[in-house]
Amino acid sequence: SVDDPIVTAYQAQDIDGLLRPVMQQAEALGRDGRVGEATKVILDAVPEAKRQPVHNIALGNVLFRTRPDLSRELHRKAVEAVPGSAIAQLEFAMEEQRAGNCAAAVPAYRVVIAAEPQREHVHALIADCLVQLGDDKLAVEHWLKSGHAQNHVTIEKQLHEVYG
């Protein structure tokens, strides 16, 4: 959403421009098998003392496949700092779902739906969590709200983002 503080900060601070050269350097290090150094280069793009929630979201998004532990921590910090951000809630929820903590993911997904009801596909993520939590009846209700017929590609992409 345009009103989301993370989205506003992302655009205002040109986070893509900040990370582009860092990512090129990190990718080169990664190709050489120097993954630890690549992670350090990424994290050093914004020193921890200067990080804002938008930086934690961006860095977490970059690191979620190679360092899920760091990504989860960065997204947790962002959502704690800006709980009203649907983007922060979405990233946090996906991290928790990926880690098998659906009990924490579902309330965060519900914040996303409340803030951005047009994100019907998030209902599919909730449904997946509810199945894992043993609430099949409510899972079906959310699945039916997901608009699978028109949102199936988005749903598949989101589930891939969660589970790989």
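Residues numbered from 1 in each chain as written. Predicted model: local features only at pLDDT ≥ 70, side-chain atom pairs only at ≥ 80, totals over all residues. Heavy atoms only, no water.

## Notes on the pattern of salt bridges
The criterion, for reference: By salt bridge we mean one thing: a side-chain nitrogen of Lys or Arg within 4 Å of a carboxyl oxygen of Asp or Glu.
Under the defined criterion, the tally for this structure stands at 11 salt bridges. Where salt bridges share partners, they join Glu73, Arg76 and Glu80 into one cluster.

## Points about the layout of surface pockets
Where empty space is left in the structure can be found by rolling a water-sized probe over the atoms. Our working rule: In this analysis a 1.4 Å probe is tested at points of a 1 Å grid over the protein atoms alone, and where it fits but cannot get out there is a cavity; an open set with protein on both sides within 12 Å along at least five of seven lines is a pocket; lining residues have an atom within 4 Å of a point. Grid points are joined across faces, edges and corners, and a volume is the space filled by probe spheres set on the points. Under the DSSP-based scheme used, a helix requires at least four consecutive residues in state H or I and a strand at least two consecutive residues in state E, with every element numbered from the N terminus. Amino acid classes used here: Ala, Val, Leu, Ile, Met, Phe, Trp, Tyr, Cys and Pro are nonpolar; Asp, Glu, Lys and Arg are charged; the rest, including Gly, are polar.
Within this model, the largest pocket holds a volume of roughly 180 Å³. Residue lining of the largest pocket: Met23, Ala26, Glu27, Gly30, Val35, Ala38, Thr39, Ile42, Val62, Leu63 and Thr66, and that is the complete set. For the lining of the largest pocket, the secondary-structure elements that each account for two or more residues are helix H2 (15-31), helix H3 (35-43) and helix H4 (53-63). Residues of the lining of the largest pocket, tallied by class, amount to seven nonpolar, three polar and one charged.

## Side note on the packing of H2 against H4
What counts here: In this analysis, axes come from line fits to C-alpha atoms, helices being fitted only over the stretch in contact, and the angle between any two N-to-C directions falls in the range 0 to 180 degrees. Angular relationships are summarised with four words: roughly parallel below 35 degrees, roughly antiparallel beyond 145, roughly perpendicular across 65 to 115, and oblique for the angles in between. Helix crossings get a hand from a simple test, with the near helix turned counterclockwise from the far one by less than a right angle marking a left-handed crossing and a clockwise turn marking a right-handed one. We call two residues contacting when some pair of their heavy atoms lies within 4.5 Å.
Running from amino to carboxyl end, H2 crosses H4 at an angle of 40 degrees, the nearest separation of the two axes being 11 Å. On the basis of the axis angle, H2 is oblique to H4. When the axes of H2 and H4 are compared, the crossing they make is right-handed. Within the contact between the two elements, H2 uses Ile15, Leu18, Leu19 and Met23 and H4 uses Val54, His55, Ala58, Leu59 and Val62. Residue composition of the contact of H2 with H4, grouped by class: eight nonpolar, one polar and no charged.

## Brief notes about H2
Here is the rule we go by: Multiply 1.5 Å by the residue count of a helix minus one, and that product is the helix's expected span. A residue's bend is given by the angle between axes fitted to the 7 residues ending at it and the 7 residues starting at it. Remark: exposure states derive from per-residue accessible area (1.4 Å probe, protein chains only) relative to the maximum for the residue type, with buried under 20%, exposed over 50%, and partly exposed in between.
Helix length check: H2, at 17 residues, gives a terminal C-alpha distance of 24 Å against a target of 24 Å (1.5 Å per residue), a fit within 8%. Of all the bends in H2, the greatest, near 25 degrees, is centred on Pro21. Residues of H2 that are buried: Ile15, Leu19, Val22, Ala26 and Leu29. The inward-facing, buried residues of H2 abut helix H1 (5-12), H3 and H4.

These values are about where atoms sit, not about what they do.
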